[in-house]
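Letter by letter, the chains look like this.
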Amino acid sequence: MIQYYNEWCNGLRCYMCLRTNMPEAPPPGDRRFLIFFDFDETLVDETSDDMVVQAAPGGSLPGWLKDTYRAGQYNQYMQRVLAYLSEHGITQATIRSIIEQIPACPGIPALLSYLQSRPPRDFEIVCVSDANTFFIESWLQHAGFRPLFLRIFTNPAHFDPDGQLQLLPYHSHGCPRCPSNMCKAEIVRDYVAHRTRQRGGRPFERVLYVGDGANDFCPSLTLSPQDTAFPRRDFPMHKLIQEMSEAQPGRFQANVVPWSSGEDFSIRLNGKACVLTRH
Ligand SMILES: [Mg+2]
Ligand SMILES: [Zn+2]
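Throughout, a residue's number is its position along its own chain's written sequence, starting from 1. Labels are handed out in written order, letters beginning with A for the chains and numbers beginning with 1 for the ligands. Only residues with pLDDT of at least 70 are given local features in this predicted model, and only at 80 or more are side-chain atom pairs given and counted; all residues enter the totals for whole chains, interfaces and linings.

### Looking at helix α10 (residues 236-247)
- Here α10 spans 16 Å end to end across 12 residues, near enough to the 16 Å set by a 1.5 Å rise per residue.
- For α10, the set of buried residues is M237, H238, L240 and I241. On an axial view of α10, the arc spanned by its buried residues comes to 165°, and they lie on one face. Opposite the buried face of α10, at more than 90 degrees from it, the exposed residues are E243, E246 and A247.
- Residues are treated as contacting if the C-beta atoms built from their backbones sit within 7 Å of each other. Every helix listed is a DSSP run of H or I at least four residues long, and every strand listed is a run of E at least two residues long, numbered separately from the N terminus. On its buried face, α10 is in contact with β6 (206-211), α9 (217-220), β7 (228-231) and β8 (255-256). To estimate the expected span of a helix, subtract one from its residue number and multiply by 1.5 Å. Partly exposed residues are those falling between the two cut-offs: more than 12 but fewer than 20 other C-beta atoms within 10 Å of their own, whereas 20 or more means buried and 12 or fewer means exposed, with C-beta atoms placed from the backbone. By construction, the arc corresponds to the directions joining the helix axis to the C-beta atoms.

### Description of the UniProt feature "binding site: Mg(2+)" (unreviewed entry) in the protein chain
- UniProt positions are given in the numbering used here, feature names are shortened, and annotations may be inferred rather than shown by experiment. In the UniProt entry, the feature "binding site: Mg(2+)" (unreviewed entry) is given for D38, D40 and D212. In terms of the greatest pairwise C-alpha distance, the residues named above, spread along 175 residues, form a tight cluster of at most 8.2 Å across.
- Residue placement: D38 occurs in the loop between β1 (33-37) and α2 (48-53).
- Setting aside residues up to four positions removed in sequence, D38 forms contacts with V128, S129, V210, G211, D212, G213 and D216.

### Thoughts on the confidence of the model for the protein chain
- On average, residues of the protein chain score 88 in pLDDT, and 86% of them reach the 70 mark or higher.
- Every residue gets a pLDDT, meaning the predictor's confidence in that residue, from 0 to 100. Low pLDDT (under 50) marks residues 269-273, which in the prediction has 6 contacts with non-local residues, meaning those over four places away or in another chain.

### Some points on unusual backbone geometry
- Of note, E41 is a non-glycine position whose phi angle comes to about 60°, a positive value.
- Here E41 shows up in the loop between β1 and α2.
- With a phi angle near 70°, D234 is a residue other than glycine that sits in the positive phi range.
- Among the structural elements, D234 can be located in the loop between β7 and α10.

### A look at the pairing of β1
- Of all the 5 residues making up β1, 5 are buried; the element is thus mostly covered by neighbouring parts of the structure.
- Whether two strands pair comes down to DSSP finding at least two bridges between them. Here β1 runs beside strand β2 (residues 123-132); their pairing, made up of 5 bridges, is parallel. Looking across to β2, one finds that F36 is bridged to V126.
- Sheet analysis places β1 next to β6, joined by 5 bridges and oriented parallel. Within the sheet, the bridge partner assigned to I35 lies in β6 and is L208.

### A closer look at the nonpolar core
- Joining buried Ala, Val, Leu, Ile, Met, Phe, Trp, Tyr and Cys residues through C-beta atoms within 7 Å gives a set, and that set is a nonpolar core. Counting residues in each nonpolar core, the largest one holds 67 residues, and the members touching the most others are I35, F36, I125, C127, I136 and Y209.
- Here this core takes 6 residues from β2, the largest share from any one element.
- Setting aside residues up to four positions removed in sequence, Y209 forms contacts with F36, D216, P219, S220, L223, A229 and F230.

### Focus: the UniProt feature "active site" (unreviewed entry) in the protein chain
- Residues given the UniProt feature "active site" (unreviewed entry) here are D38 and D40.
- Classification of D38 as buried rests on a count of 25 C-beta atoms within 10 Å.
- Within the secondary structure layout, D40 lies in the loop between β1 and α2.
- What makes D40 buried here is the crowd of 22 C-beta atoms within 10 Å.
- Among all residues touching D40, those that are not within four sequence positions of it are T47, S48, S129 and A131.

### Examining the packing of helix α5 (residues 92-100) against helix α7 (residues 133-143)
- To get an axis, a line is fitted to the C-alpha atoms, and for a helix only the part in contact is used. The angle between two axes follows their N-to-C directions and goes from 0 to 180 degrees. Where α5 meets α7, the closest approach of the two axes is 9 Å, and the angle between their N-to-C directions is 55°. Of the possible angle classes, the one that applies to α5 and α7 is oblique. The handedness of the crossing between α5 and α7 comes out as right-handed. On α7, the residues touching R96, I99 and E100 of α5 are F135, S138, W139 and H142.
- By residue class, the composition of the contact of α5 with α7 is 3 nonpolar, 2 polar and 2 charged. Under this scheme an angle from 65 to 115 degrees is roughly perpendicular, one under 35 degrees roughly parallel, and one over 145 degrees roughly antiparallel; angles in between are oblique. Note on convention: near helix rotated counterclockwise from far helix by under a right angle means a left-handed crossing. Clockwise means right-handed. Just so you know the grouping, Ala, Val, Leu, Ile, Met, Phe, Trp, Tyr, Cys and Pro go in nonpolar, Asp, Glu, Lys and Arg go in charged, and all remaining residues, Gly too, go in polar.

### Observations concerning α7
- α7 sits mainly inside the fold: 8 of its 11 residues count as buried.
- Residues T133, F134, F135, I136, E137, S138, W139 and L140 constitute the buried set of α7.
- Turning to α7, the residues buried within the fold contact α2, α5, β2, β3 (149-155), β4 (157-159) and β5 (165-167).
- Downstream of α7 by one or two residues, G144 has phi in the positive range, about 85°.

This is the structure:
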């Protein structure tokens, strides 16, 4: 069964609300960290869309198709790419196989294994990505980390009866910084507020955001001084944070810990709280 996770809470059809029904205060001692992970170039060491394109005849897309890309309209462009692949006989099994073989970023499997070994009261793990449900679900299931993720926020995708992967935008928003189909800041802000309400008003111990791309900069701006942004070193998110820190000192509030490997997220136990930080 394909399960869609992006039916965000409108009071009627919310996945979280249906599951939990009523807000619940967390048990005593629940001082959990909330960690958001991007997918492409963060969990995996490639861009999943680029990997799938390698299945095209000759290993690349024709120029006329590439020329249809418009800035800020990447989701619509990828819809055309997936239609092209389907027209050229690329099947669901082929796409799944390509996705499953994408290597993880260095050290990320060890980090996720550690998080998976901890009790749920320590960490709450969420994925927020501009890839799509089919790619992320396929990779996480194959890698054995799907149960770790409480929610996956990404563009919905499903195979239609003709075997074509149909992709849709995640939502619409008014943020001028982000592509038309997804503002991750809106997702992060809504999720933190929603879960804090469900937790009877108790905030998370820390909010951590791990990413690499330009579209991971916007959500990292929602973090507060006790939170931490983990930008992949020398990738666009890192550069945007550095530019803001130079141009507007103090504007970027969160701690910043650049990472190159999952090993940069050294973990130590500090009393009862698990602290995810760099030594
Ligand atoms: Mg990314
Ligand atoms: Zn935005």
